[in-house]
Amino acid sequence: MKFTSLQNKILTLGMAVFVLSCTTPNPKKVPTMDKISSTKHLSIAVDKSSNDVYSYVSNPENFPKWLAFATSISKKSELVWVAKTNLGTIEMEMTPPNEFGIVDHKVKLPDGTVLYNPLRVIKNGASSEVVFTPFKAPNKTTEEFENDAALVEADLKTLKSILEAQ
């Protein structure tokens, strides 16, 4: 394809604008540490196939069996579930079923706060690794975040125990 002199100038100018927009710092867009949440990657090995583990973990009906804070759960729509918890009634929007072991979900707390919860089931040989990544909420202290992480670790141990007993 042959370009005219005017087309070449326009193309060159467009590329220059693009390059400058990618390389010119914009202080409003530069992330700062106070805007990045602390996280912990909590995981546990489960001596079950990743397909079996994913099937169990991705079914919200199983949540009250291995999540200490959930007492009951019911389906609201295809991907949204309502759970009774020690925090009150929450809504959970699940990731659609997939072949990648992704069980991410959004939790809407009684006060309207929405938390994103990354959860993965990863094949590890003939077994699995379950990984949950909690984010530290801005209104939580480091100690509260560590306590929440300890509760998640306990839930993962319960999950392991249930699955390996099957």
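Shown above is the structure to which this text applies.
The sections below set out a description of the structure shown in this document. Note that the coordinates shown come from a computational prediction; the quantities given were computed from them, not determined experimentally.

Rules of the game
- Residues numbered from 1 in each chain as written.
- Predicted model: local features only at pLDDT ≥ 70, side-chain atom pairs only at ≥ 80, totals over all residues.
- Heavy atoms only, no water.
- Pairing = 2+ DSSP bridges.
- Helix = DSSP H or I, 4+ residues; strand = E, 2+ residues; numbered from the N terminus.
- Axes fitted to C-alpha atoms, helices over the stretch in contact; angles between N-to-C directions.
- Buried < 20%, exposed > 50% of the residue type's maximum accessible area, 1.4 Å probe, protein only.
- Arc of directions from axis to C-beta.
- Contact = heavy atoms within 4.5 Å.
- Core = buried A, V, L, I, M, F, W, Y, C linked by side-chain atoms within 4.5 Å.
- Parallel < 35°, antiparallel > 145°, perpendicular 65-115°, else oblique.
- Left-handed = near helix turned anticlockwise from the far one by under 90°.
- Nonpolar A, V, L, I, M, F, W, Y, C, P; charged D, E, K, R; others polar.

**Overview of the sheet that holds strand E3 (residues 80-85)**
Point 1. The sheet built from five strands is open, its strands ordered E2-E3-E4-E5-E6 with antiparallel pairing. The two strands at the open ends of the sheet, each matched to only one other strand, are strand E2 (70-75) and strand E6 (114-117). With strand direction ignored, the average angle separating the axes of adjacent strands in the sheet is 25 degrees.
Point 2. Relative to strand E4 (residues 88-94), E3 runs antiparallel, the two being bridged by six bridges. Residue Trp-81 lies in a different strand from E4, and its bridge partner there is Met-92.

**So, helix H2 (residues 50-57)**
Point 1. Buried within H2 we find Ser-50, Val-53, Tyr-54, Tyr-56 and Val-57. What you see down the axis of H2 is that its buried residues fit within an arc of 165 degrees, all on one side.
Point 2. Here the buried face of H2 lies against strand E1 (42-46), helix H3 (63-66), strand E7 (119-124), strand E8 (127-132) and helix H4 (142-165).

**A short note on the nonpolar core**
Point 1. Of all hydrophobic cores here, the largest spans 29 residues; its most connected members are Val-57, Trp-66, Met-92 and Val-130.
Point 2. No other element matches H4, which puts five residues into this core.
Point 3. With residues near it in sequence (within four places) discarded, Trp-66 still touches Tyr-56, Val-57, Leu-119, Asp-155, Leu-156, Thr-158, Leu-159 and Ile-162.

**Details of the packing of H2 against H4**
Point 1. Direction vectors running N to C along H2 and H4 enclose 120 degrees, while the axes themselves pass 11 Å from each other. The orientation of H2 relative to H4 falls into the category oblique. Relative to H4, the crossing made by H2 is right-handed. Contacts from Val-53, Tyr-56 and Val-57 of H2 reach H4 at Leu-159, Ile-162 and Leu-163.
Point 2. Of the residues that constitute the contact of H2 with H4, the class distribution is six nonpolar, no polar and no charged.

**Notes on the pairing of strand E5 (residues 105-108)**
Point 1. Burial along E5 is one-sided: His-105 and Val-107 are buried, while Lys-106 and Lys-108, pointing the other way, are not.
Point 2. Both E5 and E6 contribute to a ladder of four bridges, which runs antiparallel. Note on E6: the bridge partner recorded for Lys-106 is Tyr-116.
Point 3. Between E5 and E6, which pair antiparallel one after the other, the connecting turn spans five residues, and Gly-112 there sits at a positive phi close to 95 degrees.

Keep in mind that these numbers describe shape and distance, not what the molecule does.
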